[in-house]
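These are the residues of each chain, in order.
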Amino acid sequence: MNYMKKSFILLLILFTVLFNCKTEKKSESIDTTTVEIAAEVKEPKHVIDVVSTGMNFQSVDTIPSGWNTFKYQNLSNETHFFLLDKYPEGKTVENTLTDVAPVFAEGMDLINNGKSEEGFAAFNKLPQWYFDIVFSGGVGLIAPKHTATTTVKLDPGYYIMECYVKMPNGMFHTLMGMAKPIIVTDEDSGHSPPKATINITLSAENGISYDKDITKGKQIFSVFVKDQKPHENFIWHDINLVKLANYAKEEDLEAWMDWSDPKGLITPVPEGITFLGGVNDMPAGSTGYFYADLKPGKYALISEVPDTKSKGLFKIFEVKQ
Ligand SMILES: [Cu+2]
């Protein structure tokens, strides 16, 4: 990837740094000869709680490596997500503040003032280590007053948990306090991934695909990242579950999923759109999981990249009664 692209990725990360067992339902037919019992979806037993009450992430500072399930309660009035950025050895948020933050401040300032070219050029001053950051999954976009549960596998290391959704004034949430260091220790959690009810494959070449009809009730989606690449806005593809009201406009959602659009990734979200979590950017070959309890209605699975429809990265589906 060329330097400019890298710089953009950095840009996003950077903002960062600154700172029931329940039987899902038995649909028993009246005809006694056929009784269909849906797969059992268990709630995760061990979760790492993450809470946002405003522009913040409240959680423990240290977690084990291996499989971890995050329960992210968004108690704030804004839509958020969190992406886990794995830092290169020896680098911390302090390095970002001294080596990187000033560069981003300069670049963003120029871009915000319409001087895109000069702004992008400013990112050439970024330190090399910045390009070694690995996006390592996290929770997809989640609406205010909603909770998202996502399972990912993490290698030991130093991470920054970040949200780069933009405030109505265009300021990235990362600059407002949504960037929190998390240490992932060598000790393995010992947990196993959950058993999925629906398997999604995410690919730049083939878009979003899944192996069966998506039905109402509790579901656990597995998300396999078949391939990965930076898109036009330098972001990797991820997956987000969205509830669409009848009056929601699909084109508004598609446009909103591009941070590089002045109206993209900025709150409030378009009318009639409720984000319900998902799995954030992960390297090719990774698998993550997310939980959902689906009521009948219209939904979408969409990536936070530009031009999702033409790429097959925006799939609409109906959950039937
Ligand atoms: Cu946010």
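The structure we're discussing is the one just above.
Procedures and definitions
- Residues numbered from 1 in each chain as written.
- Predicted model: local features only at pLDDT ≥ 70, side-chain atom pairs only at ≥ 80, totals over all residues.
- Heavy atoms only, no water.
- Salt bridge = Lys/Arg side-chain N within 4 Å of Asp/Glu carboxyl O.
- Helix = DSSP H or I, 4+ residues; strand = E, 2+ residues; numbered from the N terminus.
- Buried < 20%, exposed > 50% of the residue type's maximum accessible area, 1.4 Å probe, protein only.
- Phe/Tyr/Trp six-rings, centres within 6.5 Å; stacked < 30°, edge-to-face > 60°.
- Donors = N, O, S within 2.8 Å, 3.2 Å for Na, K, Ca; no water.

Tallied over the full model, the rule gives six salt bridges. Between aspartate 61 and lysine 180 there is a salt bridge, with the nearest N and O atoms lying 2.7 Å from each other. Taken as a pair, aspartate 61 in the loop between β3 (48–52) and β4 (62–74) and lysine 180 in strand β9 (residues 179–188) lie far apart in primary sequence, 119 residues in all. In this structure, the salt-bridge partner of lysine 309 is glutamate 250, at a minimum N-O distance of 2.8 Å. Residue lysine 309 is found in helix α5 (residues 308–311), and its partner glutamate 250 is found in helix α4 (residues 250–256); the two are separated by 59 residues along the sequence. When its relative accessible area of 39% is taken as the criterion, lysine 309 is described as partly exposed. Overall, glutamate 250 belongs to the partly exposed group, its relative accessible area being 22%. Ionic contacts of the salt-bridge type, sharing partners, join the residues Glu250, Lys298 and Lys309 into one network.

Looking now at the packing of aromatic side chains. Scanning the model with the defined rule gives 15 aromatic pairs in all. Measuring from ring centre to ring centre gives 6.3 Å for tyrosine 210 and phenylalanine 317, while their planes differ by 65 degrees; the resulting arrangement is edge-to-face. Taken together, the positions of tyrosine 210 in strand β11 (residues 207–210) and phenylalanine 317 in strand β17 (residues 314–319) put the pair 107 residues apart, joining distant regions of the chain. Look at tyrosine 210 and you get partly exposed, because its relative accessible area is 28%. Since its relative accessible area comes to 7%, phenylalanine 317 is described here as buried. Centre to centre, the rings of phenylalanine 221 and phenylalanine 290 are 4.7 Å apart; their planes meet at 15 degrees, and the pair counts as stacked.

All right, on to the coordination of the copper ion then. Coordination of the copper ion by the protein comes from His80 (ND1), Cys163 (SG) and His173 (ND1), over a distance range of 2.0 to 2.1 Å. Here the donor residues of the copper ion are spaced in sequence according to H-x82-C-x9-H. With a gap of 93 residues between them, histidine 80 in strand β5 (residues 80–86) and histidine 173 in the loop between β8 (157–162) and β9 connect regions that are remote in the sequence. The same class applies to histidine 80 and to histidine 173, which are both buried.

Purely spatial values, then, with no claim about function.
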